[in-house]
Amino acid sequence: MKTSNPVLSRLGQAAERERTAGYGAQGPAGAAPGYGQPYPGASDYPAAPPAVRPMTVDDVVVKTVTLLGITGVSAVVAWNVIPAEYTGTAWIGAAVIGLVLGLVISFMRIANPALIVTYAVVEGVFVGMASKVFSVIAGYQGVVLQAVVATFGVFFLTAFLYKAKVIRATPKFQRGMIIVMGGLFAVILINLVLSLFGFNTGLRDNGPLGYIFSIICIVVAALSFILSFNEVEEGVRMGLPQRYSWVAAFGILVSLIWLYIEILRLLSFLQGGDD
């Protein structure tokens, strides 16, 4: 199967090797060890099931819900357990650890459930601390619930638009999204570094530039779901092993967290005051 996604292409080739290795030692169903031809009458018997079960959309849904549940529980625990004076430290620490884990999983395409679950736990701390800062410390009442509702509303709307083929993950769309997301990530990182040295670009302030940048981030985060949905669809079509459903679920979780944080920030702007 061919795909415009180079990562999926490589995973598809790996999946094909795994399927081949699944019966390579014994030959196809009904074949004698070390021989290339089956016994006479072997075709009368049902074929042996594949050694590596391919992933399904249901697998991705289950893994995504599982990761969301873990992230949510971690966020609630962090909110209630970590003292207020350590909120900022925990927020920054979780952000750094989550960024490192996210980059490792993304670029190495590690389908390790334990590592991905660890990422969900760390991001739960990050989300919990961010939510606490905006809601309790900064005093934006009700902003957390509003952000949660808005985040899932955008997610399901995007899923509907993708299912209805209103928005399609064409090769041009995929290339454009990768460029835009990479550019946004660079801008956010540069802005963060400049802020550490006392330079304020206004991108994260409650002002016209801050509004525009937050809206751009929200739109791009929402459109990133299209890439995830397409990845799941093509992964199923290519017969990727079941364990890669963890990678697909991880991609959806990353977009959900990014979208939530950006909506949370924009809602705080709408309530007024600087965060």
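Residues numbered from 1 in each chain as written. Predicted model: local features only at pLDDT ≥ 70, side-chain atom pairs only at ≥ 80, totals over all residues. Heavy atoms only, no water.

- Labelled according to an unreviewed UniProt entry, the protein appears under the name Bax inhibitor-1/YccA family protein, originating from Paractinoplanes hotanensis.

## As for the overall build of the protein
Reasoning step 1: Counting secondary structure elements, the protein contains eight helices and zero strands.
Reasoning step 2: Counting from the amino terminus, the protein carries its helices and strands in the arrangement α-α-α-α-α-α-α-α.
Reasoning step 3: Counting all 275 residues of the protein, 40% fall into the buried class.
Reasoning step 4: Contacts in the protein between residues far apart in sequence, at least 24 positions, make up 83% of those at least 6 positions apart.
Reasoning step 5: Split by element, the accessible area of the protein, about 15,000 Å² in all, is 70% carbon and sulfur. (Helix = DSSP H or I, 4+ residues; strand = E, 2+ residues; numbered from the N terminus. Buried < 20%, exposed > 50% of the residue type's maximum accessible area, 1.4 Å probe, protein only. Contact = heavy atoms within 4.5 Å. Areas by Shrake-Rupley, 256 points an atom, 1.4 Å probe, with all protein chains shown as cover.)

## A look at the confidence of the model for the protein
Reasoning step 1: Scored by pLDDT, the protein has a mean of 83; 79% of the residues are at 70 or more.
Reasoning step 2: Of the regions scoring below 50 in pLDDT, residues 23-49 engages in 13 contacts with residues more than four places distant in sequence or in other chains. (pLDDT = per-residue confidence, 0-100.)

## Remarks on the UniProt feature "transmembrane region" (unreviewed entry) in the protein
Reasoning step 1: Within this numbering scheme, the UniProt entry marks residues 60-82, 88-107, 114-137, 143-164, 176-199, 211-232 and 244-261 as carrying the feature "transmembrane region" (unreviewed entry).
Reasoning step 2: Summarising residues 88-107: 100% helix, 0% strand, and an end-to-end C-alpha distance of 28 Å.
Reasoning step 3: Taken as a whole, residues 211-232 contains 100% helix and 0% strand, while its terminal C-alpha atoms sit 32 Å from one another. (UniProt positions renumbered as here; feature names shortened; annotations may be inferred.)

## Looking at the packing of helix α5 (residues 143-163) against helix α8 (residues 245-271)
Reasoning step 1: At a closest axis distance of 8 Å, the pairing of α5 and α8 adopts a crossing angle of 130 degrees. Between α5 and α8, the interaxial angle falls into the category oblique. As α5 packs across α8, the resulting crossing turns out to be right-handed. Taken together, the residues of α8 that come into contact with α5 (itself represented by Val143, Val144, Gln146, Ala147, Val148, Ala150, Thr151, Val154 and Phe155) are Ile252, Leu256, Leu259, Tyr260, Ile263, Leu264, Leu267, Ser268 and Gln271.
Reasoning step 2: For the contact of α5 with α8, the per-class residue count stands at 14 nonpolar, four polar and no charged. (Axes fitted to C-alpha atoms, helices over the stretch in contact; angles between N-to-C directions. Parallel < 35°, antiparallel > 145°, perpendicular 65-115°, else oblique. Left-handed = near helix turned anticlockwise from the far one by under 90°. Nonpolar A, V, L, I, M, F, W, Y, C, P; charged D, E, K, R; others polar.)

## Focus on the packing of aromatic side chains
Reasoning step 1: Scanning all chains against the criterion turns up 10 aromatic pairs.
Reasoning step 2: Ring centres 5.0 Å apart and planes at 70 degrees place the aromatic pair Tyr119 and Phe250 in the edge-to-face group. Placement of the pair is Tyr119 in helix α4 (residues 113-137) and Phe250 in helix α8, with a sequence separation of 131 residues.
Reasoning step 3: Measuring from ring centre to ring centre gives 5.6 Å for Tyr211 and Phe269, while their planes differ by 40 degrees; the resulting arrangement is tilted. Linking Tyr211 in helix α7 (residues 208-238) with Phe269 in helix α8, this pair joins segments that are 58 residues apart in sequence.
Reasoning step 4: One aromatic cluster is present, built from ring pairs that chain together Phe155, Phe156, Tyr162, Phe225 and Phe229. (Phe/Tyr/Trp six-rings, centres within 6.5 Å; stacked < 30°, edge-to-face > 60°.)

## Quick notes on helix α3 (residues 87-108)
Reasoning step 1: With 22 residues, α3 should cover 32 Å at 1.5 Å per step; its first-to-last C-alpha distance of 31 Å lies within 8% of that length.
Reasoning step 2: Taken together, the buried positions of α3 are occupied by Thr87, Ala90, Ala94, Gly98, Leu101, Gly102 and Ile105. Along the long axis of α3, the arc covered by the buried residues comes to 105 degrees, so they all point the same way. Residues Thr89, Ile92, Phe107 and Met108 are exposed on α3 and point more than 90 degrees away from its buried face.
Reasoning step 3: On its buried face, α3 is in contact with α4 and α8. (Expected span 1.5 Å × (residues − 1). Arc of directions from axis to C-beta.)

## Some remarks on α5
Reasoning step 1: The terminal C-alpha atoms of α5 lie 30 Å apart, and with 21 residues this matches the ideal 30 Å at 1.5 Å per residue to within 8%.
Reasoning step 2: Considering only its buried residues, α5 is in contact with α2 (57-81), α4, α7 and α8.
Reasoning step 3: Following α5 by one or two positions, Lys165 has its phi on the positive side, about 60 degrees.

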